[in-house]
Amino acid sequence: MSIKVCSRVLGAACFGLVLSCTGGTADAQAAKDINVAVVIPMSGPVMVNVQPAINSIKMAVQEVNAKGITVGGQHYQFKLHWFDEECKPSAAINATRAALAEVKPLNVVWAPMCSSSAVSVAPILKQAKVVTLNSVSGTDRFVGPDGDPYLFKNKEDFEWRTRDLVKYLAARGYKKGAVIAVNSDWGTESAHTFKKFADQDGIKITAMLNYDEHTEEFAPLLLQVRAANPDFIFQASQLLDEQVAFLRAYAHLGLKIQLAGESTWTEDVPEKMGPSGWQAINGMLSASAWVPTSQRPEVQKYLAKYRKAFGSIPGFNGPPSYDIVYVTAEAYEKAGSLDKEALRHALRTTSFNGLVYGSGTVKFDQSGQAEFPTSVTAFDMQKHERVLAPPPK
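What you are looking at is a predicted structure, and each value in this text was computed from that prediction instead of being measured. (Residues numbered from 1 in each chain as written. Predicted model: local features only at pLDDT ≥ 70, side-chain atom pairs only at ≥ 80, totals over all residues. Heavy atoms only, no water.)

Draft legend 1. Molecular detail of the packing of helix 2 (residues 47-67) against helix 11 (residues 297-310). It is the contact of helix 2 with helix 11, at a shortest axis distance of 11 Å, that shows an interaxial angle of 105°. The orientation of helix 2 with respect to helix 11, classified from their angle, is roughly perpendicular. Contacts between helix 2 and helix 11 involve Gln-51, Pro-52, Asn-55, Ser-56, Met-59 and Glu-63 on the former and, on the latter, Tyr-302, Lys-305, Tyr-306 and Phe-310. A per-class count over the contact of helix 2 with helix 11 returns five nonpolar, three polar and two charged. (Axes fitted to C-alpha atoms, helices over the stretch in contact; angles between N-to-C directions. Helix = DSSP H or I, 4+ residues; strand = E, 2+ residues; numbered from the N terminus. Parallel < 35°, antiparallel > 145°, perpendicular 65-115°, else oblique. Contact = heavy atoms within 4.5 Å. Nonpolar A, V, L, I, M, F, W, Y, C, P; charged D, E, K, R; others polar.)

Draft legend 2. Layout of the pairing of strand 14 (residues 375-380). Across the six residues that make up strand 14, a large majority, five, are buried. In this sheet, strand 14 lies alongside strand 13 (residues 285-288) in antiparallel orientation, the contact comprising four bridges. Across the sheet, Leu-285 pairs through a bridge with Ala-378, a residue of strand 14. As paired strands, strand 14 and strand 15 (residues 385-388) are joined by four bridges and run antiparallel to one another. (Buried < 20%, exposed > 50% of the residue type's maximum accessible area, 1.4 Å probe, protein only. Pairing = 2+ DSSP bridges.)

Draft legend 3. Looking closely at the pairing of strand 11 (residues 232-236). In terms of residue burial, strand 11 counts as a mostly covered element, since five of its five residues are buried. Here strand 11 shows no split at all, with Phe-232, Phe-234 and Ala-236 on one side and Ile-233 and Gln-235 on the other all buried. Here five bridges tie strand 9 (residues 176-182) to strand 11, and the two strands are oriented parallel to one another. Paired with Ala-181 across the two strands is Ala-236, which belongs to strand 11. Across four bridges, the pairing between strand 11 and strand 12 (residues 258-261) is parallel. Within the sheet, the bridge partner assigned to Phe-234 lies in strand 12 and is Ala-260.

Remember, this is a structural readout, not a statement about activity or role.
Okay, structure coming up:
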């Protein structure tokens, strides 16, 4: 199936490029449109983490539009309008306001945003009463209102994955840890959440250090950590260049301290570092609802399609972004109309199955947050991938 792409450039003071895409087959041309505003970073250093989300959305939309969405006996397809939020709250506010003003009628919003951006636009979306699904943000401050949500999220919270990672570290017998986090809203939330659970599980944090984005020299921080003599280091970074620089400094100093990190650490890090990358990262722990080595057919089918289409692995933001397309399509079919109240009801009351992320099932709670099991994974230098971490001894 081909995809017809129309583009136009908005004022330079806004946020850059807005794209619309619809199916291009004869059947698709006879279908009516469901207008979707996609507010997502489309530029900047975070693209290494966000591009898989963009790719996965496009791949899923092509699949869904080829089949069609049947709503109340009428054939529909998704028509996407792309808005660049740049992973910056101010740009996200501009992009969201533009989406609300420019897309008519606006049926639904997909908002695979950075957490700080998601928090900044949540009040705008709630006030506008626009049904919105977010597949990327870890913050718990996006969904709601509680009990009557317009904002839904199918990505696990910081708290869930951090809780499970800390419990695993405690079960391994670790008593002292150090935290090195990027100096941003996201990094601060990650570090504070980690310390909260560490305190609860009796782990003492001997060093809490931060650094500015795009830092390339981590040796001074790691020397401070070594002096604190921790059992492990928890590292919170969103950017590939920072992660590679951190791992190189760690290896250069000959450190053997157990590493743990946010779910933003992916196989891209050792691959970019070069021949010594997998040896340096071997055994590093993280927690996430995404386990790419899962043998569920949905996971392996998605991975095969993604690798064939894009020649790479999809990272941690690709799978839930792929899923929101299918969740939205099924919700509309169950709703039986494009009415937003009917859509909200379908999202709140349906258990969505056969998905890629997590266990393959999504059920939103009363606040709009999807309920996910999380797993602790470890980087494996033999398999060159993340695998389920062994049971703690």
